[in-house]
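Observations on chain architecture
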Amino acid sequence: DPSTLVLFVLGNQGQPATLQVADTRTGRAEIAATGIGRSIQRAPRGGVSYVARSAAADGQPPFLTISELDPATRQTRALVRVPAGAGEAETAWTPDGLLLATVGGQLFSWRRGDPEMSAVAGFERLGLRSVTRLAISPKGDRMALVAPRP
C-alpha cells in the first residue's frame, strides 16, 4: 500500500524506540512495537523485519529476536532469536530470502524454516569487532558493512 509507512521512531527523554505504522492519507501513526533495535528492513513476502528487545536480568544484555510486522494487518511475529549475549544486531535480507545479521564481529544467517541462526563468517581477523551497519546489493552479490576503525 503506497500510503503506509513503517517507521523507526526514537524515544523521548529516555523512553525506548518504537516501530510505528503511519498512514500518509490521515497523518496518523500507531505503535506496533516498543523497545526495538535500529535495524528495520523490508522482508520477503511484504513484511518488515525488526530487532525486538526483551528484558533480561539486571546487568545482562537484553534478549534479541528478529521479528516481522505485517503492515496491512499490524500483526507481529517472532522469526528467530539472535545468538545469546548480543547487545545489538544489524540485519539485511538477500533477494532470495536469506536473512543476514551481524552480532559484534560475527555474521550469521537464517532462512525461514531454520530453527536458529547459523554462524557464517567472522570479521575479527580483519580487525572488525563491531559491525554497526549492514547492507546487501539488490542482486545479492555484494555486501557492505560499517565498523569503527580497529
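As shown above, the structure is provided for reference.
Residues numbered from 1 in each chain as written. Predicted model: local features only at pLDDT ≥ 70, side-chain atom pairs only at ≥ 80, totals over all residues. Heavy atoms only, no water.

**Quick word on the environment of Leu-134**
With respect to the element layout, Leu-134 can be found in strand β12 (residues 133–136). Judged by its relative accessible area of 8%, Leu-134 is buried. Here the alpha-carbon distance between Leu-134 and Leu-100, two residues 34 residues apart in the chain, equals 8.6 Å. (Helix = DSSP H or I, 4+ residues; strand = E, 2+ residues; numbered from the N terminus. Buried < 20%, exposed > 50% of the residue type's maximum accessible area, 1.4 Å probe, protein only.)

**Focus on the sheet that holds strand β5 (residues 48–54)**
Two strands in a sheet stick together by hydrogen bonds in their backbones, pointing the same way (parallel) or opposite ways (antiparallel). Pairing within the open sheet is antiparallel, and its four strands lie in the order β4-β5-β6-β7. In this open sheet, the two edge strands, each paired with only one partner strand, are β4 (36–42) and β7 (75–81). Across the sheet, the axes of successive neighbouring strands diverge by a mean angle of 30 degrees, strand direction being ignored. The pairing of strand β6 (residues 63–70) with β7 spans six bridges and is antiparallel. (Pairing = 2+ DSSP bridges. Axes fitted to C-alpha atoms, helices over the stretch in contact; angles between N-to-C directions.)

**A short note on unusual backbone geometry**
At Gln-13, a position not held by glycine, the phi torsion is positive, near 45 degrees. Tracing the backbone through its elements, the reader meets Gln-13 in the loop between β1 (4–9) and β2 (18–23). The phi torsion at Arg-74 lies on the positive side, around 70 degrees, for a residue other than glycine. The topology assignment puts Arg-74 in the loop between β6 and β7. Given the relative accessible area of 29%, Arg-74 is considered partly exposed.

**What to know about the side chain of Thr-91**
You can see Thr-91 is positioned in strand β8 (residues 90–93). Taking relative accessible area as the criterion, Thr-91 reaches 1% and is therefore assigned buried. The contact partners of Thr-91, leaving out residues within four places of it in the chain, are Ser-39, Gln-41, Ser-49, Val-51, Ile-66, Leu-99, Leu-100, Ala-101 and Leu-134. (Contact = heavy atoms within 4.5 Å.)

**Some details on the pattern of salt bridges**
Summed over all chains, the structure comprises seven salt bridges. With its nearest N and O atoms 3.1 Å apart, the salt bridge here joins Asp-23 to Arg-25. Taking the relative accessible area as the measure of exposure, Asp-23 reaches 16% and is therefore buried. The exposed category is assigned to Arg-25, whose relative accessible area is 61%. When the shortest N-O distance is used, the salt bridge between Arg-112 and Glu-68 registers 2.9 Å. One end of the pair, Arg-112, is in the loop between β10 (106–110) and β11 (118–122); the other, Glu-68, is in strand β6, and 44 residues separate them in sequence. Residue Glu-68 is classed as buried on the basis of its relative accessible area, which comes to 8%. Residues joined in a network through salt bridges with shared partners are Glu-68, Arg-77 and Arg-112. (Salt bridge = Lys/Arg side-chain N within 4 Å of Asp/Glu carboxyl O.)

The analysis is restricted to geometry; functional conclusions fall outside its scope.
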